[in-house]
Structure formats: structure tokens, C-alpha cells
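Architecture at a glance
Each chain, letter by letter, is given below.
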Amino acid sequence: MKPIILQNYAECQWVAGVGGLAELHSAIDGEVVARTSSQGLDFAAMLRFAREKGAPALRALTFHQRALLLKALADALTAKKDALYALSYNTGATKADSWIDIDGGIGTFAVYQGKGRRELPNQRLLIDGDVEALSRGGTFQGLHVYTSLQGAAVHINAFNFPVWGMLEKLAPTLLAGVPAIVKPASATAYLTEAAVRIMLEANVLPPGALQLIVGSTGDLFEHLTCQDVVSFTGSAQTATTLKSHPTILREGVRFVAEQDSLNASVLGPDATPESPEFDLFIKEVAKEMTVKAGQKCTAIRRAMVPAGLLDDAQDALTARLRKTTIGDPRDEATRMGALVSQSQRHDVRAKIAMLAKDAAIVFGDPDASPVNEKGAFLSPVLLRCERPWEAKAAHDIEAFGPVSTLMPYKNGDDAIALANRGKGSLVMSVFTHDAAFAEAVTLGAGAFHGRIAFIDRESEKESTGHGSPMPHMIHGGPGRAGGGEELGGIRGVKHYMQRTALQGSPRVLSAITHRYMAGAPTEAAQAHPFRRTFHDLPIGYQLTTKAREITLDDIEHFAHFTGDTFYAHMDEAAAAANPLFGGRVAHGYLILAFAAGLFVDPDPGPVLANYGLDNLRFVKPVKPGEAIQVALTVKDKTLRKPDQGEVRWDVRVTNREGEMVAAYDLLTMNAA
Ligand code: NDP
């Protein structure tokens, strides 16, 4: 195959770099797959283009519109993913490995587009938390909001997941309304370039929303400002170099780092060779060593077992590893492909030699070439470290390949302390059926690990396993792992936004957020709100109902009708002895039901369904003979489909004295 000349995508132009092109080799046979360079790019102009063209265009869209962009991009990638799979073999990946990278990446876009539309408002601003009362009279309040950063996100990615690595950063970035400049690792940049081409050909992104650098970043860092974010995945060494760049320090540029990690997996003290958790642990360690030939930031590097099970675990693990078919990833019988490059294999062999200083190699020959000399093939290598507290390399050195070290621990506390010796990791897994041990691990090790997966016989069938970062859950870890955090659902979007505390009157804050806040002006309903369509309901439109008395008969009737004959409603003496009530009171649900009876308009109309309540509080008991009245106010609106929208109503139920007895948000689906 003729090598591809990779192109950069800068300021809406595909351009090849000038000068000497670096050669990128196939992991399978060493042939040149592509040539690449970014020389000649005007990096300052790329940043300017992102800030001046891409950023305002993305910020003009609402979260829902941006989510629809992600959907269109995911659809485009899905339609052309076969071409990506074909290229991916050159990285050494088997079809199953590529599935994690390509379908996993597209799946991340799918999750973010869904979450964006369900969990974010159809607005350009995101409210964080509740209103804070800052004054006695309520005329001065506080509220936190997120707005999009106005710069560019620079994504610097590792070689191992050329598609997923890009998409997992791109999904939250675009959803946040921020343009991206993607710089993939050179070794596998041809696959990233192909995925970028597919996304751009979909023709849905505004100009400047996505640019690509296939080569070095030149003087890009010199031009960063406090509105830009660098999101980096790679080695600790490069992370340290980049985050101490003078411009990053001087300008206070956000820097998110995902780097090396000595992830641990612990077989719980409750396990025996016969317990299901023992088998699950062995399978998972073997899987984590061989999937992607162990080139996963989340792979298990340290496998810890109760001291008495060390021999059993070694026997079971070596028996399993022996069955691994290593070979050309294009061959369907192959279970483990090649490392990404000869230089990566060289690096892994050097790291194994360091690990072998305080551990014995009990499986695999790191110096053999199991398939051919030209490809970057390496057998899985299992080490056994008898005295993990005396060892240093096992807890410090990450061999980024099919390599893991088995080690014994004395008891649960010892296992936790050993796991924490990695000085911060992306993920730890624990194979235990003992919930008390799981709690001890969480309290003892939580602060050192970005994610902890507990796996046992109950969850095994549906568990996503030790190594898979899920878009819903955070990916990142403290200390050695870089201290960064990505994904985690909507949390990941906020890394590309600025949180600002707003202070002002309810009127001003309501106008800024397009959300009614108590104390803001209302519009007294002329027509009943249930007679108005979604688009015809202004924020602050308010219906105040007449009052309705709640009698003892009502309470008794409700109690017998529903079966809720709790003493506080039915037994005068017992209710009088209750320190909160001092006598019989109406059921909270009766108040809710009567409130609905007061505010609904019965005839068919634009309100299609009531589908829930949020933030319900019963604030003050209502005694027989007291009356309730309701204020129903349009609080917020979100169009969910072209012809339907969710209306959030602020509902306040008060007594005759005007004191609040209940408050909640009511959600209805209304015809648009
Ligand atoms: P590197 O740190 O060498 O490279 C990571 C990225 O940084 C690449 O895109 C690389 O580009 C780029 N880069 C390197 N130097 C500079 C620089 N001076 N300025 C700008 N960009 C630069 O790591 P590898 O890609 O070799 O990955 C290997 C290591 O990364 C593994 O050993 C592992 O520890 C870690 N890793 C961590 C992951 C995580 O999620 N925590 C995931 C994957 C890997 P180029 O390729 O062009 O040099």
C-alpha cells in the first residue's frame, strides 16, 4: 500500500506539512503506512481562527443544538466506520481492540448527545445548584452559573486510542460550546486523521470548531490564554514538560492531564480458589494484559492476592495466558495483536528489565519475537513479586504493554496500603463478595484512585470490567495519574466552562437565566395556564387559585380510600404526643392531591401529561379546619421534540396566613 501523506486541517484548509516528513510504520510488518509533518502551520492563526470563528458560532448554539451536532457526527462516523476498522489493523489492534477504540468512541458521542438533550437545558448557560438567599428581604440573591470558555481546547492525545481518545475529549468540549484543536500522537495519527475527515465531510460543524495538527505543536503553547484549555493524555514526563510551560503558568491556562497509572486489582481476602471471584479475577487480569496488547492507561499493572493464594493465582493466570493466540491482528483467530511500534516494544522491554530487578518473570519471554521480527509483537509477561513492600519498581514503573506483576498481601489493610503505593491511579478493581471489605476499600483507598470497580458473582454478567472508562463515570485520577478528570457525564462538560457566582435581585437573575425565581415579577394569568401551548406560556406566568378548607372528614376519607391510616392523621392522642404535630394533621399526599384539584383545568388541552415532581418539601403541617391555596408559576421550559415541550412549574401551597405549607416543581409535557 502506498503511504498516505497526512494533512493538517487548519483554518478550514487541508494542508500537508512542509519539510522532512516523519514516517509512520505499520505495527504488523514495519512497512511505512503514512508520512506526516505539521511544519509550516501558523499555530497562532489556528488559535485565532478557533477563537474568532469557531467559538462564537458554537456559543450561539444552545446545549441541545450542540448535542444534535454530536448526533450527526456519530451518525457520520457510524456510516463510514468500516474504513476506520481497515486502517486500525496497522496500529497492531485486533478487531476487538478496534471495537473499543472506534465503536467505543462513537458510543461516547452517543451518550453525550443523549445526556446533553436530557440533562442540560435548551439554553447557553447552565445553572449550578440552588439559589442562595443573601438578604433577609429576598431582594438580593446569589446563584452560580457556567458559561462557555471563549478560547480553544487543545487536545493532545496518546497513541493507543486514536479514535476514542479524540472523541472522549471532543464530545464534552463541543457540548460546552468550545472549539477544539486536536493533536493526535504521531504513531497512529493516520487513523485520527481519517476520523476527522469523516466528521468534517458531514458538514455540520461551524468553521473553526475543529482543527487538526498531525505533527509537532510548534509554538502553539506560546499563544495560549486563560480562555484556552489543554487536555493532555500521555506520559507523566511529557505532561510535566507541558504543564510547566511558561505561558501555561503565566496565563493560568487550564491543564487537564491523564497520564501513567500503576492500576491495581485486588482479589478480596474472602476469596478461595473455588469462589467465583477467584475465576473472575484471573480472567480480568489476563484480559487486561492482552486487550490492546496491554497498551491501556487503565490496564492492571499490579495484581494483588491474599498471600495464601499466590501459587494458585500464578498457576491459574499462566494457564490462561498460555492460551493467548498472538498474531497478525487481521487474522480472526488472533486474540492479541502487536504493540504500536518497534520503539514502543523497545521501551516495554526496558521497563520489564527494571521490574525484573525485584520480581521474577514467571510467564513469557520478553526478548522473543513471537510472530515476526519486523512487527512489534511481544508475548504477555507476568512477574511475581514476593515482597511487595521491599519492591520499588513494581509500584513506580509502568511498562505500557502486556505486562503485570502478581504480588501477595497479608490482610485487607495491607492490600489497601499496597494499592495506594501507586501514588494515585486511574482505576482500581476489587474482586470480593464481602460488602464490608468493599466499604473498607472505599474509605481507605478512595482518595488515591479515580475509579474503583467492585466485581463479584452478582455483577459479573453485566459488569463493564476493570479497564473500560464509561462516559457516564469520571476518568482520571490523582497524583501519578495526572490529577485530571474527564468524562463523568455532564461533569466533563464543565471543564470547558467557567463557573461564575452571580449576585443580584430575583428579577435580574431570572432574566439572565430564563428561569423564574421566587421574588421575581410574575404575570397574573388571564387565561388558565393549562389552556396555553408551550410556546404561549411566558416564564413567570402565574395562576393563583382560590382557597380550599381541609376538614377532618376529608382526612378520614382520604385515609380509608388510600389505606394510609398512619396515626398522625387518625389517632388524636398519638398525634398530640408527636413532637412535630401536636394533633392530627392532613396527609402530605392529600395536600398534593387537593393542590392539583385547585390548579388543574379539566378539559382536554395542550397539557398532555404530568410526569413528575422535583424538590418536594412539606414545610408546615396542615390541621383539620385550615385552608390551602396554590400559586402555580411557569418556572422553566425545555422543548423536547418539535411539537412537545417540558414545562417546569413552581408550585407553592400556602395556608390562610400566607405561610408556605408545601413547595415543589411540577413537570408537565405540553403540546408546542
Ligand atoms: P507521550 O507523552 O510521548 O505523548 C503523548 C502525546 O503528547 C502525543 O500526542 C505526543 O505527540 C505529544 N507530545 C510529546 N511531546 C510533546 C511536546 N513537547 N509538545 C506537545 N506535544 C507533545 O506518550 P505516548 O503517546 O508515547 O504514550 C505513552 C505513554 O502515555 C504510556 O507509557 C502511558 O504511560 C501514557 N498513557 C496514558 C494514558 C492515560 O489515559 N492516562 C493513555 C495512554 C497512554 P507525538 O506522538 O507527536 O510525540
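My aim in this report is to walk through the structure given alongside it, one point at a time. (Residues numbered from 1 in each chain as written. Predicted model: local features only at pLDDT ≥ 70, side-chain atom pairs only at ≥ 80, totals over all residues. Heavy atoms only, no water.)

**A word on the overall build of the chain**
A count of helical and extended segments in the chain gives 20 helices and 29 strands. Each principal axis of the C-alpha atoms in the chain carries an extent, and together these give about 90 × 60 × 45 Å. For the chain, buried positions account for 54% of its 672 residues. In the chain, of all internal contacts separated by at least 6 residues, the share reaching a separation of at least 24 is 73%. With an accessible surface of roughly 27800 Å², the chain has 52% of that area assigned to carbon and sulfur atoms. Charge separation in the chain, taken as the distance between the mean sites of 68 positive and 75 negative side-chain charges, equals 5 Å. (Helix = DSSP H or I, 4+ residues; strand = E, 2+ residues; numbered from the N terminus. Buried < 20%, exposed > 50% of the residue type's maximum accessible area, 1.4 Å probe, protein only. Contact = heavy atoms within 4.5 Å. Areas by Shrake-Rupley, 256 points an atom, 1.4 Å probe, with all protein chains shown as cover. Lys, Arg positive; Asp, Glu negative; His and termini not counted. Charge placed at Lys NZ, Arg CZ, Asp CG, Glu CD.)

**Topic: the site of the ligand**
With respect to spatial proximity, 24 residues lie near the ligand, and among them Asn157, Ser186, Ser235, Thr238 and Glu398 are the closest. The backbone of Asn157 places a nitrogen or oxygen atom 2.7 Å from an oxygen atom of the ligand. Side-chain polar atom of Ser235 to an oxygen atom of the ligand: 2.6 Å apart, as the coordinates give it. Considering the ligand on its own, with 890 Å² of exposed area, one finds that the protein chains cover 77% of that surface. Here the ligand occupies the second largest pocket. For the shell around the ligand, the secondary structure elements donating two or more residues are strand 11 (229-233) and helix 7 (236-243). Here the shell around the ligand is built from residues that sort into 10 nonpolar, 10 polar and four charged. (Near = heavy atom within 4 Å. Polar contact = N/O pair within 3.5 Å; in protein donor to acceptor, adjacent residues only side chain to side chain. 1 Å grid on protein atoms, 1.4 Å probe; cavity = no way out; pocket = protein on both sides within 12 Å on 5 of 7 lines; lining within 4 Å. Sits in = over half its atoms within 2 Å of the grid points. Nonpolar A, V, L, I, M, F, W, Y, C, P; charged D, E, K, R; others polar.)

**Some details on the sheet that holds strand 18 (residues 425-431)**
Pairing is mixed in the open sheet, where seven strands are placed in the order 15-16-17-14-13-18-19. Unpaired on one side and paired on the other, strand 15 (360-363) and strand 19 (449-455) mark the two borders of the sheet. Sheet twist, expressed as the average angle between the axes of neighbouring strands with direction ignored, equals 25°. Here three bridges tie strand 15 to strand 16 (residues 381-384), and the two strands are oriented antiparallel to one another. Bridged to Ile361 within strand 16 is Leu383. (Pairing = 2+ DSSP bridges. Axes fitted to C-alpha atoms, helices over the stretch in contact; angles between N-to-C directions.)

**Digging into helix 9 (residues 276-290)**
In a regular helix each residue adds 1.5 Å, so 15 residues correspond to 21 Å; helix 9 covers 22 Å between its end C-alpha atoms and thus fits that length. Counted residue by residue, helix 9 has 11 buried out of 15 residues, so it is predominantly covered. Those residues of helix 9 that fall on the buried side of the exposure criterion are Glu277, Phe278, Leu280, Phe281, Ile282, Glu284, Val285, Ala286, Glu288, Met289 and Thr290. Directly after helix 9, the chain includes Lys292, whose backbone phi takes a positive value near 55°. (Expected span 1.5 Å × (residues − 1).)

**Here's the deal with a negative patch on the surface**
There is a patch of like negative charges on the surface, built from Glu11, Asp42, Asp219 and Glu222. Looking at the secondary structure, you find Glu222 in the loop between strand 10 (210-212) and strand 11. What makes Glu222 partly exposed here is its relative accessible area of 48%. (Patch = residues over 30% accessible without salt bridge, like charges linked within 9 Å, V, L, I, M, F, W, Y side chains within 5 Å. Salt bridge = Lys/Arg side-chain N within 4 Å of Asp/Glu carboxyl O.)

**Here's the deal with the environment of Pro402**
Mapped onto the elements of the fold, Pro402 is located in the loop between helix 12 (393-396) and strand 17 (403-409). We classify Pro402 as buried; its relative accessible area is 0%. Non-local contacts of Pro402, meaning those with residues more than four positions away in its chain, are made with Met289, Ala293, Gly294, Met336, Leu339, Leu378, Ser379, Pro380 and Val381.

**Observations regarding the layout of surface pockets**
Empty space among the atoms can be located by rolling a probe the size of a water molecule over them. The calculated volume of the largest pocket comes to roughly 1100 Å³. Contributing to the lining of the largest pocket are 41 residues, with Arg515, Asn615, Lys635, Arg648 and Asp665 lying nearest its centre. Listing elements by their share of the lining of the largest pocket, those giving two or more residues are helix 4 (95-119), strand 6 (126-133), strand 7 (141-148), helix 15 (490-494), strand 26 (607-618), strand 27 (627-641), strand 28 (644-654) and strand 29 (660-671). If one sorts the elements of the lining of the largest pocket by residue count, strand 6 sits on top with six residues. Taken together, the residues of the lining of the largest pocket sort by class into 17 nonpolar, six polar and 18 charged. (Points joined across faces, edges and corners; volume = space filled by probe spheres on them.)

**Looking at empty space enclosed by the protein**
Applying the stated rule across the entire model yields four cavities of 30 Å³ or more. Approximately 70 Å³ is the volume found for the largest cavity. What lines the largest cavity is Asn157, Ala158, Asn160, Phe161, Trp164, Gly165, Glu168, Lys169, Thr233, Cys297, His475 and Glu486. Here the lining of the largest cavity takes four residues from helix 5 (residues 164-176), the largest share from any one element. Classifying every residue of the lining of the largest cavity by side-chain character gives four nonpolar, five polar and three charged. Taken as a whole, the second largest cavity spans an internal volume of roughly 60 Å³. Taken together, Glu168, Lys169, Pro172, Ser231, Val256, Glu485, Glu486, Leu487, Gly492, His495 and Tyr496 make up the full set of residues lining the second largest cavity. Elements supplying a minimum of two residues to the lining of the second largest cavity: helix 5 and strand 21 (486-487). Per-element accounting of the lining of the second largest cavity gives the leading share, three residues, to helix 5. Considering only residue class, the lining of the second largest cavity consists of four nonpolar, three polar and four charged.

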